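Given next are the chains, with one letter for each unit.
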Amino acid sequence: MSSCVRSFQDVVRSRHSVRGFLPSPIPRNELEELFQEAQYAPSNCNTQPWNVHVVGADKLKRLSDALVEALAQEHYSPDFSFDTHDYPPPYKQRAADQGGRYYQALGVARGDSLSRAEVVARNVRFFGAPHVAFLFMPAVGDNVRVAADVGMYAQTLLLALAARGYAGVPQTILGSFAETVRHALGVSDDLKLLFGISFGVPDDSHASSGYREGRIAVEESVVWHE
Ligand SMILES: Cc1cc2nc3c(=O)[nH]c(=O)nc-3n(C[C@H](O)[C@H](O)[C@H](O)COP(=O)(O)O)c2cc1C
């Protein structure tokens, strides 16, 4: 293992969603190591239901163009629902607060719909990242167990990236265009798109680079019974 792999605590605490990347790709041998490490994620009965499509180079540009077009045409085709308004308190408020902090960090005013649209559009340009991984899964029952497994996989991949000084951002918004992505990549309808992860080398000069989300106190999440 490379000596630059940092301590576990450092990696977990420094990992954050990056929304501005340099165009330089991650070397192929390191890409393979990253996905090898993600493969160690746990899953229900070791089903390993993640089906991952990693896109880069010219294909990434073509896919991004297709997604920009789908977004402009409002051609949404999500396999799974997502609306923060459906969340009960306190989660709905947390989502609203996160959005507010993000736009504030970028200097986008509340009523500035044009800039907000541009911030959304950066998602489908993968925030300039040279790679994106699409996390597909088979449809099983109400899908909750399989989605949990894919979440385990995603965090393992994000930590593997952080350990090497790379970064990623999970993006539910990419799942809003499941048909566009399946069509572009030749993926069967049997596989459902949970979300995508844009990843690469963080651009420390990007306007969003200083933006960080905090966490609620442990006592608000964990109840000790002893
Ligand atoms: C499953 C999942 C989907 C997400 N989707 C998006 C997204 O579509 N666009 C985006 O900019 N951030 C997205 N995020 C990033 C969250 O906003 C971020 O994880 C959260 O604010 C905490 O910040 P941190 O990751 O920097 O710790 C997503 C995160 C997760 C786990």
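Given the structure is predicted, the values throughout are model-derived calculations rather than measurements.

Undergrad: So what exactly am I meant to see when it comes to the overall build of the protein chain here?
TA: Within the protein chain, the secondary structure is distributed over seven helices and four strands. Relative to its length of 226 residues, the protein chain is compact, with a C-alpha radius of gyration of 18 Å against a globular reference of 17 Å. With 226 residues in all, the protein chain has 37% of them scored as buried. Within the protein chain, contacts between residues separated by at least 24 positions form 83% of all contacts whose residues are at least 6 apart in sequence. As presented, the protein chain carries roughly 13,300 Å² of accessible surface, and 53% of it is formed by carbon and sulfur atoms.

Undergrad: Explain the sheet that holds strand 4 (residues 191-200) to me, please; I cannot follow it from the model alone.
TA: Working definition: the strands of a sheet are paired by backbone hydrogen bonds and lie parallel or antiparallel to each other. On the basis of which strands lie adjacent, the open sheet formed by four strands has the order 1-2-4-3 and antiparallel pairing. Edge strands, defined here as strands with exactly one partner in the open sheet, are strand 1 (51-56) and strand 3 (167-171). Neighbouring strand axes in the sheet, compared pairwise and without regard to direction, differ in orientation by 25° on average. Relative to strand 4, strand 3 is paired through five bridges, and the arrangement is antiparallel. The residue bridging Val169 from the neighbouring strand is Ser198, located in strand 4.

Undergrad: So what exactly am I meant to see when it comes to the site of the ligand here?
TA: Not every one of the 15 residues close to the ligand is listed here, only the nearest: Arg15, Ser17, Arg19, Thr172 and Arg215. In this structure, an oxygen atom belonging to the ligand sits 2.8 Å away from a side-chain N or O atom of Arg19. In the model, a nitrogen atom of the ligand is placed 3.0 Å from a nitrogen or oxygen of the Asn123 side chain. Expressed as a share of its isolated accessible area of 620 Å², the protein-covered part of the ligand is 71%. The dominant element in the shell around the ligand, judged by the number of residues it contributes, is strand 3, at three residues. Residue classes in the shell around the ligand are distributed as five nonpolar, six polar and four charged.

Undergrad: Looking at this structure, I do not really get the pattern of salt bridges. What am I missing?
TA: Opposite charge on two side chains permits them to pair, given that their charged atoms come into close proximity. Counted according to the given criterion, the structure contains eight salt bridges. A salt bridge links Glu32 to Arg28, with the shortest nitrogen-to-oxygen separation between them at 2.8 Å. Residue Glu32 and its partner Arg28 are located together in helix 2 (residues 28-38), separated by four residues, close to a single helical turn. On the basis of relative accessible area, Arg28 is assigned to the exposed category, the value being 59%. Among the ionic pairs, Arg164 bridges to Glu37, the shortest N-O distance being 2.9 Å. Of this pair, Arg164 sits in the loop between helix 6 (144-163) and strand 3 while Glu37 sits in helix 2, placing them 127 residues apart in sequence. Take Glu37: its relative accessible area is 27%, and that puts it in the partly exposed class.

Undergrad: Would you mind going over helix 5 (residues 113-124) with me for this structure?
TA: Note on helix geometry: an α-helix contains 3.6 residues per turn, so any two residues three or four positions apart are oriented the same way. Over its twelve residues, helix 5 runs 17 Å from end to end, which matches the ideal 16 Å to within 8%, given 1.5 Å per residue. Regarding helix 5, the residues found buried are Val119, Ala121, Arg122, Asn123 and Val124. At the C-terminal side of helix 5, Phe126 shows a positive phi close to 60°.

Undergrad: Where do I start with the packing of aromatic side chains in this structure?
TA: A ring pair, where both rings are aromatic, is described by two values, the distance of the centres and the angle of the planes. One pass over the full model with this rule turns up seven aromatic pairs. Ring geometry for Phe126 versus Phe134: centroids 6.4 Å apart, planes at 80°, classification edge-to-face. By relative accessible area, which is 0% here, Phe134 ends up buried. Of the aromatic side chains, those joined through ring pairs into one cluster are Tyr102, Tyr103 and Tyr211. Over the aromatic face of Tyr103 sits the side chain of Arg116, whose NZ or CZ is 4.0 Å from the ring centroid.

The rules we used
- Position numbers for residues start from 1 in each chain and track the written sequence from start to end.
- Totals for whole chains, interfaces and linings use all residues, but because this is a predicted model, local features are given only for residues with pLDDT of at least 70 and pairs of side-chain atoms are given and counted only at 80 or more.
- Hydrogens and water molecules were not included; the side-chain quantities draw on all heavy atoms of the structure.
- The helix and strand labels rest on DSSP assignments: H or I over at least four residues marks a helix, E over at least two residues marks a strand, and numbering proceeds from the N terminus.
- For a compact globule the rule gives 2.2 Å times the number of residues to the power 0.38, and the radius of gyration it is set against comes from C-alpha atoms.
- Accessibility here uses a 1.4 Å probe with only protein chains present; expressed as a share of the type maximum, an area under 20% marks a residue as buried, one over 50% as exposed, and anything in between as partly exposed.
- Here a residue-residue contact requires only that any non-hydrogen atoms of the pair lie within 4.5 Å.
- Here the open area of atoms and residues is found with the Shrake-Rupley method and a 1.4 Å probe, where only the protein chains shown may cover a residue.
- By the convention used here, strands pair only if DSSP detects at least 2 bridges between them.
- Lines fitted to the C-alpha atoms define the axes, with helices restricted to the stretch that makes contact. Angles between their N-to-C directions range from 0 to 180 degrees.
- For this description, a residue counts as near a given molecule or strand if any of its non-hydrogen atoms is within 4 Å of it.
- Polar contact is the term for a pair of N or O atoms within 3.5 Å; when the atoms are in protein, one must be able to donate a hydrogen and the other to accept it, and sequence-neighboring residues count only if both atoms are side-chain atoms.
- The classification used treats Ala, Val, Leu, Ile, Met, Phe, Trp, Tyr, Cys and Pro as nonpolar, Asp, Glu, Lys and Arg as charged, and all other residues, Gly among them, as polar.
- The rule for a salt bridge is simple: a side-chain nitrogen of Lys or Arg has to be within 4 Å of a carboxyl oxygen of Asp or Glu.
- Helix span is expected to be 1.5 Å times the residue number reduced by one.
- By convention, a stacked pair of Phe, Tyr or Trp rings (six-membered ring in the case of Trp) has centres within 6.5 Å and planes under 30 degrees apart, an edge-to-face pair has planes over 60 apart, and any other such pair is tilted.
- Lysine NZ or arginine CZ positioned within 6 Å of the ring centre and within 35 degrees of the ring normal marks a charge as sitting over the ring.

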